[in-house]
Amino acid sequence: MKRYSDLEYLRLSKGQKFLYKLASFFAAIPRGLWNLVLGIGRFFKDLGLGIGREFSDIYLTFKNGDWKTRSSFLVMGFGSIARGQVLRGLLFLLFEIVFIFYMVVPHGGAYWVKMLGSLGLEGPSKGYDEILDQYTLVPHDNSFRILLYGVLTLFFIAAFIYTWRANVRQNKIAEEILRTGKPLRSGKDDLRSLVDDNFHKTLLALPLTGILVFTVMPIIFMILVAFTNYDGDHNGYTNALFGWVGFENFRTMFSWDVGGVNYAATFGEILTWTLIWAFFATFTNYFLGIFVAMMINKKGIHLKKVWRTILILTIAIPQFISLLYVSKMFDLNGLVNGGLKALGLIQQNIDFWGTPKLARIMVIVINIWIGIPYLMLIATGILMNIPADLYESSRIDGASGWKQFTKITLPYMLFITGPYLLTSFTSNMNNFNVIYLLTGGRPTNAAASGAAGSVGYTDLLITWLFKITTGSGTKYYLASVVGILVFLVVALISLVVYNLLPSVKNEEDFQ
Amino acid sequence: MSNNNTAAIEREKRHMGLKASARISNTIIYILLIAISIVWLIPFVCIVLQSFRMESTGRVGYVIPQVWGLGNYRKLFDPSTNFLRWYLNTFIIALVVAVVQTVIVLCMSYTLSRFRFKMRKPLMQFMLILGMFPGMLAMIILYRVLDDLHLTGQYGNAVPGLILVYVASSGMGYYVSKGFFDTIPKTLDEAARVDGANRAQVLYKIILTLAKPIVIYTILTAFMGPWGDFVFARYVSQVIPQAMNVAVGLQSWLATDTMVHDNYTLFCAGGVVVAVPVAILFMCLQRYYVEGVTGGAVKG
Amino acid sequence: MASVKLTNVKKIYDSNDGTHRKDHVIAVHDFNLEIKDKEFVVFVGPSGCGKSTTLRMIAGLEDISEGTVEIDGEVVNDLQPKDRNIAMVFQNYALYPHMTVYDNIAFSLRLQKMPEDQIYEKVTNAADILGITEYLLRKPRALSGGQRQRVAIGRAMVRDSKVFLMDEPLSNLDAKLRNQMRAEIILLRQKLDTTFIYVTHDQTEAMTLADRIVIMKDGYIQQVGTPEECFDMPKNLFVAEFIGAPKMNIMKTQLLRENGRYFVTPFGSKIEVTGEKGKMLAEKKVPAGEILLGVRPEHMVLAAKDDATAIPVTLEVNEMMGSELHLHVFTEDGTRLIVRVPTIGLESGERETLVSGKKMSVTFEGKVMHFFDPETEQNLLL
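This one's a predicted model, so the numbers in the text were calculated from it and none came from an experiment.

**Considering the overall build of chain C**
- On a plain count of helices and strands, chain C comes out with 10 helices and 20 strands.
- In terms of its C-alpha atoms, chain C occupies a principal-axis envelope of roughly 75 × 50 × 45 Å.
- Across the 382 residues in chain C, those meeting the buried criterion constitute 39%.
- When contacts within chain C are restricted to residue pairs at least 6 apart in sequence, long-range pairs at least 24 apart make up 66% of them.

The following block contains the structure:
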C-alpha cells in the first residue's frame, strides 16, 4: 500500500484517515505474524542453544573440576561442605535425600508418575468387611489422586533437576573464587544477603509458593481434566475411575447434536450474553460513574462529603446482603411491585425476573447501582489530577462545558483508565456474585438446559460453570472446557486491546 | 431596526453573567444528587425497617411494619438458628485473612515495585495470564484436596480450609498496592541505602510508614472480603450448616419460596447485624480506602 | 490587534476555609493601566505579587471583583474567555496529552468550525514558523520541553486573536533554552504584530522583551515604564533592587549640601554628586540629611588611589562569571556590597590577587547614584 508522509496524511479527510489507519493496521498484520513466527523460532533456537550450553558447561565443570566438585555430581552439596560452606551444602544434601526418599517409597513419586499414563487400572470396589459385617468400599487406584500427585511429582522432579544444576554451578563458581584467592561466602553471609541483595527472594518466597500450589497447580490440573471424562459418575474416589479421552470434550462442546443436545448453541448463547453483559456492565458504570463524580466535584456544589458517603454505602455493606435483598425486592410479590401498586402505577404485578429481556435489563441496571460508587471514587481521583490549565486553555479556545467534557475530560479519562477498563471488562465477564445472587441465572432457558446444569437466560459462563460443578449430575470435564474457553476469550480480548492501547504497553511511563 | 435588536440580544447573551448560568446548572445537579441519594438509600432503609416487622415473616408489599418488635433479632441469636456460629466463623476467617493476606500482598507489591531482577517482567506477565483463568475453576480441585486433608464442611469445620483458600493466592492481588508503591519516589530508597540501611530496613523504616494508606486499604479489603464471599465458602463448607459463613448461611435461608416465606424478616435482621459493624468499620477508614483506590488502582 | 484598558481593577478572594470565619485576601489593588495597540507589556514581580491574577482576569479565567477591563473599548468583565478574542500560553503549556501536536494546534479552529483545508493551512504555517513541522503527528509526551513550548505558542498563534497573553511561558525551561526562546519570542512578535501581555518573575525577560514594564508587589503597581526608565530612574527602593542583576547596592548615608553642591559620605568617604543627578537634586531643592544611597554593581569600580572618594572594604567572595568578576565585599561596619569588574580591564596577574580576605578600596562616580527616602523608600528625584 502507499505510505503517506506526515503532511500528506494530515491533508486527508476524516474518512480517508480512518481508512488509511485501518489499512495500515491490516497491512501490519502479516509483518506482525512473521515477527511472531520469527520470535517463536528465535525462542526455540535460544532454548536449544541454552540447553546445549548448559550441557557443555556441566561437562566442563566435571572435566576440569577437582574431586570435591566431581563427588558433588552424585552427593549434592558435598563440594560446598568440603569447602566450608556448610549451611549451603547441608541444604542441598537434605533436598536430595528428601527427593530420593519420596521417589522410592511405595506409593511414592515413582508410582504416581508411572500411573499418569492410564490414570489408574483398578477402580474402587465393594468388599466384604468381616469385622463390620458389611460391604465397604475397598480403594485401589484413584484417578483423581493419580492426576494430582502425578502432576505434583513432575513439578518436584523439575525442581530437583534445577537444584542439581544449581549445585553443580555452585561448585564451579566456588572453584573460580578460590583460584583468585578470595574467601568464599560464609553461611552468615548467605543469611545476611537474604535481607539485602537477595531480599526480593525472601519476600517473594511465601507469596509465590501460595500461588504455585493454590493457583498454578489447580489450573494445570483442570486443563488436564478437560481431556478426561472426570464427572460425578467417574470421580475415581467412590465409583468408576476416569481416564484420558483426548479432545473428545472439546468436540462435544462444538457439536450441534450429541445425544440430542446442542452444546454449541448453548455455549454460543451463554457466551453472547456474557459479552453483552460485560460490555454494558463495564461501560454503563464507567460513564455514569464519571458523570456522578463530575456532578459531585463541580465547583459550587456543597455537601460533597455527604453525597459521596451515601454512595459509598454500597461498597461498605457486604455485596451479598444488598444483592439478595434487592433481588427479593424485585420479586413478583416483592416490595417494588407492592409499592407501584399502592401508588396506582400498575394493575398487574411485573415479573421482573420472569422474562428474559426484562431480567437481563434488570441485572444491568442493578449492577449500575452496585458499581457507580466505585467508579465515582476512581473518576474523582483522576478528575482531580487533570491539570486545571487544560480546562482554562480550552475555555480560551472556545470550548463549551459539553465540548470540554467530550474533548478533554473523556479522552483524558480513557487515556488514563484504558488498562482499568480492560480488567474491569474481563472481571465483569466473570462477575459471579451479581448474577448468581440476583437471579441465580433465572429465568430458566429450557431449550439450552440439556447440556449440563440448568441454564438460565441471565447465566454467564462463570455461573454456568458453577452449576455444572455443584448439585447432581456434575460434569467436571465440561466445566474445565468452559473454563479454558473463558480463558481463551479473555486472553484474545486482552491481546487485541493491549496492542491498541498505547498507555498499557510501557509500565515505566507511569512512574 | 430588527437587526440592531438581535445584535443587542446577542450581546446581552454574551454578557449574561457567568454566575447566573452556574446557578441554574447547580440547581439541576442538586435535584439529581438528591434523587440518586434516595435511590441508593431506599434498599438499606427498607431492610432495616423490615427487620423490625413482627406481624409476618414473609414478603409484603409495604415497608413500614404494622407491629414493631425485636423478635427477629431475638430469634437470630437463638441457638436454634446457626447464625451465631456463622458469624463467629466469618469473623475468625476475616481476622486471620486480614493479617496474613496483608503481609503477602505487601511483600509481593513492594518487591515488584522496587526490585529489578531478571524474572520480574516474566513473573508479572505470567500472573497476568494466570488471572485470566476463572478462579472458580481451581475450587473444583482444591475442595477435593481440602476434603482429603479433612478441612471441609464435611468434617464440621471449614474455617481453616477457607482461610487457606483465601490467603494462598492473595499474592495475585498485588496490583493496587504496587501502583501505590510506584508513586513513592525511588530516590527515597536510594537516600536510605546511602545512609546505610539494608533493603529490609528500607522497607519497614521508610516505605511502610509512607504507605500507611495502602497498608490500611489492604487490611480493610482483606477483612471485608470474607464477609461477602459466596462462591468459595459455598464449595468448602459444602452447605453443612455449622460450617457456613454468613453469606452462604443467609442465602440458604432464602433458597426456596417457602423458605423466603418463613425467613424473610429474619434474613433482614441477619443482614443488618452483619452489615452494621462492617459498614461502620469501613466508614471510619473510608479515607484510606479512597486514597488506595484513587492512588493505586489507576495510576495517573 | 487591540488596546487593553484596566480601570480600578481589584481582585478579592473570599477564603472560606471551612471554619466560620471569612477572610478577605486582596490579591490585586486598584490596577490602572492602558495598553496601546501592538504594545508588548510585561508584568513582573516576585511570586504572589498579583501579576498572574491580573493576567487571568484579563483572560477571563478569574472573576473581576471590582473595576473594569476593556479590550478594544468594549467592557469584557462578563464575557466568557472565548468571547474576548484572546490567546494564551500557559506556564505548564497545557497541551492536551491525548491529542497529537497537529490536533492540539487545530483544537480552537475546529471549535470555530473552520473548514479543514484552512485549518491545515494555518497549522502547517504556524508549525513552519516555529520549526515543529516534523513533530505534527506526535503526542506531547514524546516532545522535549522546548518543543512543547513551541506547540503551546503555535496553538495561541493560529487563533489570530487581538491580544496575546503569556503566563510565565519560559520558566519551565533550562537556562540555555530560555535564552533561545526569549530571542524567538522577539522574532515572533515582529511576525505577529499584535498586542502582547507577558507575565514573568524574571527581570531579565522583562527588560529584554518589553516595550513597557509593569512592576508589581503585594498587589500594587510599583512602577510602569520603559525598561530604560525603570532601570535609570526607579521609582522606589523595591524597583531599584528588583531591576538589574546583581541587585543594586544600598548604603545608608548622609546627603550633604555645600554651596549648592551635593555630596554623599558613605563609609567615611566623600563623593560629589555630579552630572544630571546633581542638577536634579539642586532643582528639587532636596534637603540634606539621612538617605539611602543606591549604586549599581556595574557602576562601582576598584579605587585606583587612596583619596577621599575611596571606600575601604574587605573581599569576601570572588565569583568568576567569565567576562566579568562579581566581587562580594564588606565594609568596616559589615555592609555587604557587590562590585562588577570586567575582566578585560584588569592588569595581568591582578586577577589572581583577588582572593578572600584581601583589603581593598572601591569607589563610584558622581553621576550614577540613586537617592531614596529612608522612611518612604521613594526616589528623592521624582
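Still to come is the rest of the account.
**A word on the overall build of chain A**
- Along its length, chain A carries 21 helices and 2 strands.
- Each principal axis of the C-alpha distribution contributes one length, and for chain A these read about 90 × 80 × 55 Å.
- The proportion of buried residues among the 511 residues of chain A is 35%.
- Considering only intrachain contacts with a sequence separation of at least 6, the fraction spanning at least 24 residues in chain A is 60%.

**Describing the packing of helix H4 (residues 83-114) of chain B against helix H7 (residues 159-168) of chain B**
All names here are of chain B.
- Running from N to C, H4 and H7 cross one another at 30 degrees; their axes reach a closest spacing of 9 Å. Classified by the angle between their axes, H4 and H7 sit roughly parallel to one another. For the crossing formed where H4 meets H7, the hand is right-handed. Of the residues in H7, those in contact with Asn89, Ile92, Ile93, Val96, Val97, Val100, Gln101 and Ile104 of H4 are Val159, Leu162, Ile163, Tyr166 and Val167.
- Class assignment of the residues belonging to the contact of H4 with H7 gives a composition of 11 nonpolar, 2 polar and no charged.

**Brief notes about the nonpolar core**
- If you look at the biggest cluster of nonpolar residues, it comprises 278 residues, and the most contacted ones within it are Leu162 of chain B together with Val42, Leu165 and Ile197 of chain C.
- Ranked by residues supplied to this core, first place goes to H4 of chain B with 15 residues.
- Those residues in contact with Val42 of chain C that sit more than four places away from it in its chain are Tyr198, Thr200, Ala206, Leu209, Ala210, Ile213 and Val214 of chain C.

**As for the environment of Lys182 of chain A**
All names here are of chain A.
- In this structure, Lys182 sits in the loop between helix H7 (143-179) and helix H8 (187-193).
- By C-beta crowding, Lys182 is classed as exposed, having 9 other C-beta atoms within 10 Å.
- Sequence separation between Lys182 and Thr426 is 244 residues; the distance between their C-alpha atoms is 55 Å.

**Structural notes on the interface of chain A and chain B**
- Taken together, the contact pairs 80 residues of chain A with 69 residues of chain B.
- Among the elements that take part in the side of chain A that touches chain B, helix H9 (residues 199-225) of chain A stands out by supplying 17 residues, more than any other.
- Here the residues of the side of chain A that touches chain B are counted per class, giving 52 nonpolar, 23 polar and 5 charged.

**Considering the confidence of the model for chain A**
- The share of residues in chain A with pLDDT of 70 or more is 94%, and the mean pLDDT across the chain is 83.
- Residue range residues 503-511 of chain A is modelled with pLDDT below 50. Its contacts to residues more than four positions away, or to other chains, number 8 contacts.

**Digging into the domain arrangement of chain A**
All names here are of chain A.
- Domain boundaries assigned for chain A yield domain 1 (6-58), domain 2 (65-246) and domain 3 (271-477).
- Taking the mean C-alpha position of each, domain 2 and domain 3 sit 45 Å from one another.
- Domain 2 puts 7 residues into the contact, and the matching count from domain 3 is 6 residues.
- Tallied by class, the residues present in the side of domain 2 that touches domain 3 amount to 3 nonpolar, 3 polar and 1 charged.

**Considering the pairing of strand E10 (residues 220-225) of chain C**
Residue and element names in this part refer to chain C.
- Across 5 bridges, strand E9 (residues 212-217) lies against E10 in antiparallel orientation. Note on E10: the bridge partner recorded for Ile213 is Gly225.
- Linking E9 back to E10 in an antiparallel pair, the connection comprises 2 residues, with Asp218 at a positive phi of about 50 degrees.

**Structural notes on the pairing of strand E14 (residues 289-295) of chain C**
All names here are of chain C.
- As paired elements, strand E11 (residues 249-258) and E14 share 7 bridges and run antiparallel to each other. When the bridges of E14 are listed, Gln254 appears paired with Glu290.
- Relative to strand E20 (residues 370-372), E14 runs antiparallel, the two sharing 3 bridges. Bridge pairing in E20 places Leu293 opposite Phe371.

**Considering the sheet that holds strand E15 (residues 300-302) of chain C**
Residue and element names in this part refer to chain C.
- Reading across the sheet, the 5 strands line up as E15-E19-E16-E17-E18 and stay open at both edges, with antiparallel pairing between neighbours. Whereas interior strands pair on both sides, the edge strands pair on one side only; in this sheet they are E15 and strand E18 (336-342). Across the sheet, the axes of successive neighbouring strands diverge by a mean angle of 45 degrees, strand direction being ignored.
- In the sheet, strand E16 (residues 311-320) pairs with strand E19 (residues 359-364) via 4 bridges, with the strands oriented antiparallel. Looking across to E19, one finds that Ile311 is bridged to Val362.

**Here we look at the domain arrangement of chain C**
All names here are of chain C.
- According to the domain assignment, chain C contains domain 1 (4-241) and domain 2 (249-372).
- Inter-centroid distance (C-alpha atoms) of domain 1 to domain 2 is 39 Å.
- Split by residue class, the side of domain 1 that touches domain 2 holds 3 nonpolar, 1 polar and no charged.

**So, the sheet that holds E11 of chain C**
Residues and elements named next belong to chain C.
- Spatially, E13-E12-E11-E14-E20 is the arrangement adopted by the 5 strands of the open sheet, whose pairing is antiparallel. In this open sheet, the two edge strands, each paired with only one partner strand, are strand E13 (271-272) and E20.
- Relative to E13, strand E12 (residues 261-264) runs antiparallel, the two sharing 2 bridges. Its bridge partner being in E13, Phe263 is matched across the sheet by Glu272.

**Considerations on helix H6 (residues 109-116) of chain A**
All names here are of chain A.
- Looking only at H6, the buried set comprises Gly109, Trp112 and Met115. Considered in projection along H6, the buried side chains sweep an arc of 140 degrees and stay on one side of the axis.
- Turning to H6, the residues buried within the fold contact helix H5 (86-104) and H7.

**Some details on unusual backbone geometry**
Residue and element names in this part refer to chain C.
- In this structure, the amide linkage connecting Ala245 to the following residue, Pro246, adopts the cis form with an omega of -10 degrees.
- Within the secondary structure, Pro246 is located in the loop between helix H8 (237-242) and E11.
- Of note, the phi angle at Lys285 is positive, near 50 degrees, even though the residue is not glycine.
- By C-beta crowding, Lys285 is classed as exposed, having 7 other C-beta atoms within 10 Å.

**Details of the confidence of the model for chain C**
Residue and element names in this part refer to chain C.
- Across chain C, the average pLDDT comes to 88, with 97% of residues at or above 70.
- The least confident element of chain C, judged by mean pLDDT, is helix H10 (residues 350-353) at 82; the most confident is strand E3 (residues 40-44) at 95.
- Prediction confidence for the complex, expressed as pTM and ipTM, is 0.79 and 0.84 respectively.

**Observations concerning helix H8 (residues 175-182) of chain B**
- The buried count for H8 of chain B comes to 8 of 8 residues, which makes it a mostly enclosed element.
- Residues Tyr175, Val176, Ser177, Lys178, Gly179, Phe180, Phe181 and Asp182 of chain B constitute the buried set of H8 of chain B.

**A short note on the environment of Ala359 of chain A**
Residues and elements named next belong to chain A.
- By the element assignment, Ala359 lies in helix H15 (residues 356-385).
- Note: C-alpha distance between Ala359 and Thr458 (99 residues apart in sequence) is 7.1 Å.
- Setting aside residues up to four positions removed in sequence, Ala359 forms contacts with Phe352, Trp353, Thr439, Arg442, Pro443, Tyr457 and Thr458.

**Thoughts on the packing of H9 of chain A against helix H6 (residues 136-148) of chain B**
- At a minimum axis distance of 8 Å, the contact between H9 of chain A and H6 of chain B shows a crossing angle of 90 degrees. Overall, the two elements H9 of chain A and H6 of chain B adopt an arrangement that is roughly perpendicular. Where H9 of chain A abuts H6 of chain B, its residues Phe214, Thr215, Pro218, Ile219, Phe221 and Met222 of chain A lie against Leu137, Ala138, Ile140, Ile141 and Leu142 of chain B.
- Here the contact of H9 of chain A with H6 of chain B is composed, by residue class, of 10 nonpolar, 1 polar and no charged.

**A closer look at the environment of Met54 of chain B**
All names here are of chain B.
- If you trace the backbone, Met54 turns up in the loop between helix H2 (18-51) and helix H3 (71-76).
- Spatially, the C-alpha atoms of Met54 and Met136 are 40 Å apart, while their sequence positions differ by 82 residues.
- Once residues lying within four places of it in the same chain are set aside, the contact partners of Met54 are Pro65, Val67, Trp68, Gly69 and Gly71.

The rules behind these values
Residues numbered from 1 in each chain as written. Chains lettered and ligands numbered in written order. Predicted model: local features only at pLDDT ≥ 70, side-chain atom pairs only at ≥ 80, totals over all residues. Helix = DSSP H or I, 4+ residues; strand = E, 2+ residues; numbered from the N terminus. Buried ≥ 20, exposed ≤ 12 C-beta atoms within 10 Å, placed from the backbone. Contact = placed C-beta atoms within 7 Å. Axes fitted to C-alpha atoms, helices over the stretch in contact; angles between N-to-C directions. Parallel < 35°, antiparallel > 145°, perpendicular 65-115°, else oblique. Left-handed = near helix turned anticlockwise from the far one by under 90°. Nonpolar A, V, L, I, M, F, W, Y, C, P; charged D, E, K, R; others polar. Core = buried A, V, L, I, M, F, W, Y, C linked by C-beta atoms within 7 Å. pLDDT = per-residue confidence, 0-100. Domains from an automatic or database assignment. Pairing = 2+ DSSP bridges. Arc of directions from axis to C-beta.

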